[in-house]
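The lines below spell out each chain.
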Amino acid sequence: MKQFVMYGAGSIGRGFIGALFSKLGYEVTFIDVNEEVVRLLNTYHQYDQVIVGEQTQTITIQHVKAVDGKDEQAVCEAIASADLMATALGANILPKVAPLVAKGLKYRWETRGNVPLDILICENLNDADRIFHDAVAQYMEDPKWDTLVGFVETSIGKMVPPANNFEEATSPLAVRQEAYEFLPVNKAAIKTKWTDASQIIPYAPFQYFVERKLFVHNMAHFTTALLGMYEGFTYISEAASDISIQWIVKNCMAESAMALAGAYGVSYAKLQDHMNDLLYRFQNVALKDTVARVARDLMRKIKPKDRLVGAMRLCLENEIQPVYLCFAISLALSYVDQDVLEEVCEIHQDEKVYEWIQGDLAWLKKKPSLTQTITYLEKQEHEIIGSVI
Ligand SMILES: NC(=O)C1=CN([C@@H]2O[C@H](COP(=O)(O)OP(=O)(O)OC[C@H]3O[C@@H](n4cnc5c(N)ncnc54)[C@H](O)[C@@H]3O)[C@@H](O)[C@H]2O)C=CC1
Ligand SMILES: O=P(O)(O)OC[C@H]1O[C@](O)(CO)[C@@H](O)[C@@H]1O
């Protein structure tokens, strides 16, 4: 069987990517530091993918095994024998595994000759290919290594909550998730031939998909979570079904979508279809996705190139006034040490938006209802945009 190595056996690794390539005929070796997950994978060699939505469907994923991420020799052997590899570890973990990935690649070339390898990078991270490439490069001496590894960015649209025990679970390894199954990949970075499966969408230039994912999907999901926290909700589906939250989130999405349409020359109508589909998918009650998961790691999510500030900057570059996105940034700032976050997201650099954000923060201090906030934002939008139409 063709060999697929999946670095990270969590929600996306086990729930989506490992499962997808198992269904496409690969034997999948997971690498993970969670000893219990490794043990269970090597005991059962299968697990269930539980697709939840209007109906529940259970698919048994077979031909799987695992190696312990702390066992360096086992990791090197897995990387050496891979026909294709992927990571789904978390943006902060990626640089930490770079030395071991470099070691595995060197072992591969020592034992098998110069066989190229594509690595699908399945993380919510702008510039993930360059960041991972540069992290691995630090441990490479021979410059020709670069021609043998494809750092392939992907856009992971599937939503998979943490794979803890859940009521539909049929085994301890089961993963609950929504039905969405598309995997756009950066065609320009691919160095080997793997599959023609219809779920995989090779696309170039890929930056459009990266920015659509981060600035529409992730931005809207994060803003829904922030507003959900504001209203005291536990689940994303509760927040996403709230009509006031929907209204604010939809306007944030519209600003991002207008900027993307301008930057990439894509039709706004197509982006609107995507927005409506997401707003529906966020309401999936059976997914039991939490506000806490989607808002996790706020310091990373507020960085200049990430979902909120990145979307706001794309608007400014494309002459879109980011009224609602600035409000979402203020909401994020209102949850943590404001001075620290202001520095992290570098909003000082633009006087105009800095002023708007300060105004929004003062508004939020009054603890207004979301209905009052909608009127406040509409008025602000009128003053900023209405006067120049
Ligand atoms: N869960 C979701 O719906 C989505 C997640 N993503 C992205 O996918 C990536 C993974 O996220 P999740 O699967 O949700 O996280 P997760 O926490 O469920 O899985 C990460 C896995 O990596 C393992 N791990 C951590 N450090 C490791 C190391 N040094 N060596 C080996 N394994 C290690 C953990 O034990 C865990 O099993 C993140 O970058 C996330 O932003 C992207 C789209 C959707
Ligand atoms: O995984 P992160 O970067 O913490 O962000 C969570 C985001 O990832 C997703 O799970 C998938 O893109 C979204 O549903 C959510 O917005």
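Let me sum up the structure you'll find in this document.

Rules used in this analysis
Residues numbered from 1 in each chain as written. Chains lettered and ligands numbered in written order. Predicted model: local features only at pLDDT ≥ 70, side-chain atom pairs only at ≥ 80, totals over all residues. Heavy atoms only, no water. Pairing = 2+ DSSP bridges. Helix = DSSP H or I, 4+ residues; strand = E, 2+ residues; numbered from the N terminus. Axes fitted to C-alpha atoms, helices over the stretch in contact; angles between N-to-C directions. Contact = heavy atoms within 4.5 Å. Phe/Tyr/Trp six-rings, centres within 6.5 Å; stacked < 30°, edge-to-face > 60°. Buried < 20%, exposed > 50% of the residue type's maximum accessible area, 1.4 Å probe, protein only. Lys NZ or Arg CZ within 6 Å of the ring centre and 35° of its normal.

### Thoughts on the sheet that holds strand S3 (residues 46-51)
The strand order across the open sheet formed by three strands is S4-S3-S9, and the pairing between neighbours is mixed. Strand pairing shows two members of the sheet lacking a second neighbour, strand S4 (57-62) and strand S9 (175-177), which therefore form its edges. On average, each strand axis in the sheet is tilted by 25° relative to the strand beside it, whichever way the strands run. As paired elements, S3 and S4 share six bridges and run antiparallel to each other. For glutamine 46, the partnering residue across the bridge sits in S4 and is glutamine 62. On top of the sheet, helix H1 (residues 11-23) reaches S3, S4 and S9; it is set at about 105° to S3, its chief contact.

### Regarding the packing of aromatic side chains
Applying the stated criterion across every chain yields a total of 14 aromatic pairs. When the ring of phenylalanine 4 is compared with that of phenylalanine 21, the centres are 4.4 Å apart and the planes differ by 10°; the resulting orientation is stacked. Remark: phenylalanine 21 occurs in helix H1 and phenylalanine 4 occurs in strand S1 (residues 2-7); sequence separation between them is 17 residues. When sorted by exposure, phenylalanine 4 lands in the same class as phenylalanine 21, which is buried. Each ring, one from phenylalanine 132 and one from phenylalanine 151, has its centre 5.7 Å from the other, and the planes form 85°; the classification is edge-to-face. On the criterion of sequence distance, the pair formed by phenylalanine 132 in helix H5 (residues 128-137) and phenylalanine 151 in strand S8 (residues 149-153) is long-range, its members being 19 residues apart. Like phenylalanine 151, phenylalanine 132 is buried. Through a chain of ring-to-ring contacts, the aromatic side chains of Tyr203, Phe206, Tyr208, Phe209 and Tyr264 assemble into a single cluster. Above the face of the tyrosine 180 ring, arginine 281 is positioned so that its terminal group lies 4.1 Å from the ring centre.

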